[in-house]
Amino acid sequence: MVYPRTSLRLALTALLCLCAATSAHAQGTSDKIFLKGNPTPDVGQITGVQGDTILLNIPGGSTSRALALVDHVEAPAPPTYASGIAAYNVGNYDKALADLRGIGEKFRGLPVDWAQQTLAALGNIYLEKNDIAKAEAAFADFRKYYPKAPGNGLQFNVAQARIAFAKNNAVAAKQQLDAIIQAALKAPAEVNRTDGAAYAQAFYLMARLQERESNFQGALENYLRVVTLFYQDPAVAANAQKSADALRAAHKDVSVP
């Protein structure tokens, strides 16, 4: 079995924790909107996204900028982003939802990492809470508003497998997972943080499917792959370790090479 190099982070931590140090958004920090072809940013406080327009408070009033004209945005995350992601990472989904839902609703479409990751996290939170309709909507928004986000396609495909599993459609879930898992195993040590978290979900789900089918060796191997290779989603890694321990306790003759 191949072991990872350095701890990359928790998919939804480093990349996301990056914003923990910059949580002054609600206190009036100046945000910057850079329009295409213009190196001088519009400076103010971004108050939200409405349709295809960014709303911006500036000295003396308010204005807006069309998303289609925006090159990039520099804006710290709202204060509840870091606490919401921290809650998500330890499996406190009620707290995570309370902290992140408003951010997703208010800033959906804003071209910054924390807004992208909020939508992805919300999709996973709703799945954990078995609210399938809201999970589907959150992932659809993620794909719609951030088509070029790192790992967008992978996260969306894993989400479709998880949704199929939640709907008791094991065949569809497995069809989604097979290709994902084969891709992950080609070079696991080179997987980036965002993809690693998605792969963690995929291997954990496959292990659960295999355990249901009494393929205990396959299930144990995939639980342990989450723990040792694709551990970037800490809540999933913790669940995979517990599941592996329980499986070995119940089936003492089961092992992996």
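A brief structural summary. In this text the structure is predicted, and so the values were computed from the model without any measurement. (Residues numbered from 1 in each chain as written. Predicted model: local features only at pLDDT ≥ 70, side-chain atom pairs only at ≥ 80, totals over all residues. Heavy atoms only, no water.)

As judged from the three bridges shared by strand E1 (residues 31-35) and strand E2 (residues 42-50), these two strands associate in the antiparallel manner. Residue Lys 32 lies in a different strand from E2, and its bridge partner there is Val 43. Connecting E1 to the next strand, E2, in antiparallel fashion are six residues, including Gly 37 with a positive phi near 80°. As defined by bridge partners, E2 adjoins strand E3 (residues 53-58) across five bridges and the pair is classed as antiparallel. Bridge pairing in E3 links Ile 46 to Leu 56. The turn linking E2 back onto E3 is made up of two residues, and Gly 51 within it adopts a positive phi angle of 65°. (Pairing = 2+ DSSP bridges. Helix = DSSP H or I, 4+ residues; strand = E, 2+ residues; numbered from the N terminus.)

One can describe the packing of helix H4 (residues 113-128) onto helix H6 (residues 152-166) by two numbers: an axis separation of 11 Å at closest approach and a directional angle of 10°. Here H6 runs roughly parallel to H4, going by the angle between their axes. Judged by residue contacts, Gln 117, Ala 120, Asn 124, Leu 127 and Glu 128 of H4 engage Gln 155, Ala 159, Arg 162 and Ile 163 from H6. Here the residues of the contact of H4 with H6 are counted per class, giving four nonpolar, three polar and two charged. (Axes fitted to C-alpha atoms, helices over the stretch in contact; angles between N-to-C directions. Parallel < 35°, antiparallel > 145°, perpendicular 65-115°, else oblique. Contact = heavy atoms within 4.5 Å. Nonpolar A, V, L, I, M, F, W, Y, C, P; charged D, E, K, R; others polar.)

Sheet topology places E3 next to strand E4 (residues 61-66); six bridges connect them, and they run antiparallel. The residue of E4 that forms the bridge with Ile 58 is Gly 61. Linkage of E3 to E4, two consecutive antiparallel strands, is achieved through a turn of two residues, within which Gly 60 is found at a positive phi near 90°.

This paragraph deals with the pattern of salt bridges. One pass over the structure, following the stated rule, counts nine salt bridges. The partner of Arg 248 in a salt bridge is Asp 245, with the nearest N and O atoms 3.4 Å apart. Taken as a pair, Arg 248 and Asp 245 lie in helix H10 (residues 234-250) at a separation of three residues, close to a single helical turn. The class for Arg 248 is partly exposed, based on a relative accessible area of 34%. Since its relative accessible area comes to 39%, Asp 245 is described here as partly exposed. (Salt bridge = Lys/Arg side-chain N within 4 Å of Asp/Glu carboxyl O. Buried < 20%, exposed > 50% of the residue type's maximum accessible area, 1.4 Å probe, protein only.)

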